[in-house]
Amino acid sequence: THLVALALNPFSRRTPQSEPMLTRHIHALLVASNLFWFQAIRQTVATLAVSMAQELGYSTKEKGWLIAAPSVGNIITQLFGSHLERAIGARMTITLAVLGLAMGCLLLPVACSVSLSSGLLVLAVQGFVFGPMFPAHSVLLSRWTLPSERGWASAQGELAISIASMGAPLLVASLATAAGWRAGFYAVGAACVLYIGLGWLRLGFSSPQECP
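Here's a quick rundown of the structure. (Residues numbered from 1 in each chain as written. Predicted model: local features only at pLDDT ≥ 70, side-chain atom pairs only at ≥ 80, totals over all residues. Heavy atoms only, no water.)

1. A few points about the pattern of salt bridges
- One pass over the full model with this rule turns up 3 salt bridges.
- Among the salt bridges present, the one from Arg 24 reaches Glu 149, with a minimum N-O distance of 2.6 Å. Highlighted residues: Arg 24 in helix α2 (residues 21-56) and Glu 149 in the loop between α7 (133-144) and α8 (150-179), separated in sequence by 125 residues. For the residue pair Arg 24 and Glu 149, the accessibility class agrees, reading buried in each case.
- Notably, a salt bridge pairs Glu 85 with Arg 143, separated by 3.1 Å at the nearest N-O pair. Of the two residues, Glu 85 sits in helix α4 (residues 81-88) while Arg 143 sits in helix α7, which places them 58 residues apart along the sequence. (Salt bridge = Lys/Arg side-chain N within 4 Å of Asp/Glu carboxyl O. Helix = DSSP H or I, 4+ residues; strand = E, 2+ residues; numbered from the N terminus. Buried < 20%, exposed > 50% of the residue type's maximum accessible area, 1.4 Å probe, protein only.)

2. Some remarks on a nonpolar patch on the surface
- Residues Ile 76, Leu 79, Phe 80 and Phe 128 make up a contiguous nonpolar surface patch of roughly 410 Å² in combined accessible area.
- Accessibility expressed as a relative area gives 40% for Phe 128, which makes it partly exposed. (Patch = residues over 30% accessible without salt bridge, like charges linked within 9 Å, V, L, I, M, F, W, Y side chains within 5 Å. Areas by Shrake-Rupley, 256 points an atom, 1.4 Å probe, with all protein chains shown as cover.)

3. Here's the deal with the packing of α4 against α7
- The interhelical angle for the contact between α4 and α7, taken along N-to-C directions, is 55°, at an axis separation of 8 Å. With respect to each other, α4 and α7 are oriented oblique. Taking contact as the criterion, the partners of Gly 81, Ser 82 and Glu 85 in α4 are, on α7, Pro 135, Ala 136, Val 139 and Arg 143. (Axes fitted to C-alpha atoms, helices over the stretch in contact; angles between N-to-C directions. Parallel < 35°, antiparallel > 145°, perpendicular 65-115°, else oblique. Contact = heavy atoms within 4.5 Å.)

4. Comments concerning the side chain of Thr 77
- Relative to the helices and strands, Thr 77 resides in helix α3 (residues 60-78).
- Of the residues examined, Thr 77 reaches a relative accessible area of 1% and is grouped as buried.
- A polar side-chain atom of Thr 77 sits 2.8 Å from the main-chain carbonyl oxygen of Phe 128.
- When residues no more than four places from it in sequence are discounted, the contact partners of Thr 77 are Gly 127, Phe 128, Gly 131 and Pro 132. (Polar contact = N/O pair within 3.5 Å; in protein donor to acceptor, adjacent residues only side chain to side chain.)

5. Considering the packing of aromatic side chains
- Scanning all chains against the criterion turns up 6 aromatic pairs.
- Ring centres of Phe 38 and Phe 130 lie 5.1 Å apart, and the angle between their planes is 70°; on these two criteria the pair is classed as edge-to-face. With Phe 38 in helix α2 and Phe 130 in helix α6 (residues 116-130), this pair connects stretches of sequence that are 92 residues apart.
- Residue Phe 38 is classed as buried on the basis of its relative accessible area of 10%. (Phe/Tyr/Trp six-rings, centres within 6.5 Å; stacked < 30°, edge-to-face > 60°.)

6. What to know about α3
- Its 19 residues give α3 an end-to-end C-alpha distance of 28 Å, which sits within 8% of 27 Å, the value for a rise of 1.5 Å per residue.
- Remark: the principal bend of α3, roughly 40°, maps to Ile 67, with a proline, Pro 70, within the next four residues.
- If you follow the buried residues of α3, they end up packed against α2, α4, α5 (90-114), α6 and α7. (Expected span 1.5 Å × (residues − 1). Bend = angle between axes of the 7 residues up to and from the residue.)

7. Some words on the nonpolar core
- Within the largest apolar cluster, 47 residues are counted, with the highest numbers of intra-cluster contacts made by Met 52, Tyr 58, Leu 66, Val 98, Leu 140, Phe 185 and Tyr 195.
- For this core, the element with the most residues is α2, which contributes 12 residues.
- Ignoring anything within four residues of it in the chain, the contact list for Tyr 58 reads Met 52, Ala 53, Lys 63, Leu 66, Cys 112 and Leu 116. (Core = buried A, V, L, I, M, F, W, Y, C linked by side-chain atoms within 4.5 Å.)

So yeah, pure geometry; function would need other evidence.
This is the structure we're talking about:
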């Protein structure tokens, strides 16, 4: 009976141990890539807040509000992110989170041009959407990597955050000088959307059982 069931559903007993190393490492690197975009967009807001303040007349305190606003929503949704992951799966949870990061980046120039309150609302909603990404990442890595690989996987995430912290300010500052601060938000947001469509959605799956 067991052999018949396995023949009918060959994916039923797939585990990280049964997956090729390349497939496991791809999922670890996708998690690192998601963290890259998280940090890149946070750094974009922090860097361009200076140019925004010059044009829109923000005070030092208001610039601080812009940088802190995503954490308001983030704190709330991290608390029940694991429940959302169980309801819709890690793949969809992370898709919504990274898409929320990208859309917040794209909408922020328009919102801030309307009012500071509108910009703060966009950033708070952005934080609310990406909060569940962190518990979903933990679940994803537990399903896709061996215990001996999780230290390596965590190191890739830390490396991705460091690269974003170094590279994003240099890029968006150059774009702001050449084309204005709005161009920095639009470029980073559009690049993140391309990553979602061409990278994450093509290669990322919630578990080995769901991966073709």
